[in-house]
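Chain residues, written in single-letter form:
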Amino acid sequence: MVIFFHATLLYTDYYVHENWPKLTNPFLSFWYEGHAGVDLLFILTGFLLTVSFINKKFTIKNLIKYFIRRAKRILPLYFASIMTALIIVPSPDLSLSTFLPYLFFFTNLPVHIAFLSPFNAVYWAITVEVHFSLIFPLITGFIKKTKFLLLLVVLALIPKILMPTNLTYLSSVYGRIDQFIVGMILANVCFKSNIPGLLAKRKSLLIFMIISLVILLWFFLLNLNYLGGYLVNSSYQSYYHSLEALIWALLILFVFSANLKMHLPFAEVIQQIGDKRLFYNLITALSTISYSMFIWHFPLASYIIKWQKLNGFVASESNIVINTLFIILPATILVSAVSYLVIEKPF
């Protein structure tokens, strides 16, 4: 979703609100408003980190292991990307003051957005992930105690209440903490309650709810596009991410419950539709290189689209879809596969 979203923005002049790409085909709402994939990323981060500690205590030994594991996951590829950007991108503004935010994960500050472009387009999300990873042990200590759940929810909603039309905080962990907390609560519901087991007994209800939530999310994104897209500066945008997080969480819960009913990993359930082994391997491979795809897709798309525009590319809706599917996406997968083998896998 994020790759399709960014490719669409790069094919069009999206830098001002008035030029936000407008849908002519309503079925492309997941494509044009694919920023929803970032919200899903933050929810899954909260979910997976909580699952990894669902039955563990944060002892000093476990804390050290946790931070080492997170560092190995995030840092090698992140700094490899920065080194690549320094080599490829002319950097007349390179100085200690412009480079330090990249070194210490403060790249979500607006003042640094032009430095190392286009590589830095996704660094804000990596910064948010790092900041959340640092505070996760503290939050998870609260979330294991039911009486603190309401307090966490209130804290997560404070930014929405205090700054309902201020969009700059959305690039910080303060503005995204609600999505992480939703993921953490979801993990406890899935693994610490009997709700999934009760839902698993109602197969028809699960199928109905999954389809309904997909349609609801589609309508949600479609409505956002009609209102003016992601850059619309309104109270609707302020609460949008929280509402979307709840939809994603419910969708994950029902899929998780359906998984219990069938006693199969969800990817294996889906793969029965076609070639089982091929589909399963594809899902596994893409999830393995997903971090590399997130890091490299924007600069790759940026340079490809820049070359296409220089050669007379016409940015029609059909051309955008075709070129993203058959040029940008394959190029991203290829580079990401090499990146994973060379940079990520050794760690």
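For the structure itself, consult the block above.
All of the points below concern the structure found in this document. Just so it is clear, the model here is predicted, and its values are computed rather than measured.

Digging into the packing of helix α1 (residues 2-11) against helix α15 (residues 317-344)
Turning to step 1, where the next piece is worked out: At their nearest, the axes of α1 and α15 sit 10 Å apart, and the two run at 120° to each other. Looking at the two axes, α1 sits oblique to α15. Handedness of the crossing formed by α1 with α15: right-handed. When α1 is examined against α15, the residues I3, F4, A7, T8 and Y11 are found in contact with a partner set consisting of I320, N323, T324, L325, I328, L329 and T332.
Turning to step 2, where the next piece is worked out: Of the residues assigned to the contact of α1 with α15, the class counts are 8 nonpolar, 4 polar and no charged.

Side note on a positive patch on the surface
Turning to step 1, where the next piece is worked out: On the surface, a cluster of positive charge is made up of K56, K61, K65 and R69.
Turning to step 2, where the next piece is worked out: Structurally, K61 is set in helix α4 (residues 60-88).

A closer look at the packing of aromatic side chains
Working definition: an aromatic ring pair is given by the centre-to-centre distance plus the angle between the planes.
Turning to step 1, where the next piece is worked out: Summed over the entire model, instances satisfying the criterion amount to 17 aromatic pairs.
Turning to step 2, where the next piece is worked out: These aromatic residues form a ring-pair network of at least three members: F42, F53, Y66, F67, W124, F132, F136 and F180.

Overview of the packing of α1 against helix α14 (residues 290-310)
Turning to step 1, where the next piece is worked out: Running from amino to carboxyl end, α1 crosses α14 at an angle of 30°, the nearest separation of the two axes being 10 Å. Relative to α14, α1 is oriented roughly parallel. The element α1 and its partner α14 pack so that their crossing is right-handed. Mapping the contact onto sequence places V2, I3, H6, A7, L10 and Y11 in α1 and M293, F294, H297, F298, A301, S302, I305, Q308 and K309 in α14.
Turning to step 2, where the next piece is worked out: Taken together, the residues of the contact of α1 with α14 break down into 10 nonpolar, 4 polar and 1 charged.

Calculation criteria
- Residues numbered from 1 in each chain as written.
- Predicted model: local features only at pLDDT ≥ 70, side-chain atom pairs only at ≥ 80, totals over all residues.
- Heavy atoms only, no water.
- Axes fitted to C-alpha atoms, helices over the stretch in contact; angles between N-to-C directions.
- Helix = DSSP H or I, 4+ residues; strand = E, 2+ residues; numbered from the N terminus.
- Parallel < 35°, antiparallel > 145°, perpendicular 65-115°, else oblique.
- Left-handed = near helix turned anticlockwise from the far one by under 90°.
- Contact = heavy atoms within 4.5 Å.
- Nonpolar A, V, L, I, M, F, W, Y, C, P; charged D, E, K, R; others polar.
- Patch = residues over 30% accessible without salt bridge, like charges linked within 9 Å, V, L, I, M, F, W, Y side chains within 5 Å.
- Areas by Shrake-Rupley, 256 points an atom, 1.4 Å probe, with all protein chains shown as cover.
- Salt bridge = Lys/Arg side-chain N within 4 Å of Asp/Glu carboxyl O.
- Lys, Arg positive; Asp, Glu negative; His and termini not counted.
- Charge placed at Lys NZ, Arg CZ, Asp CG, Glu CD.
- Phe/Tyr/Trp six-rings, centres within 6.5 Å; stacked < 30°, edge-to-face > 60°.

Keep in mind that these numbers describe shape and distance, not what the molecule does.
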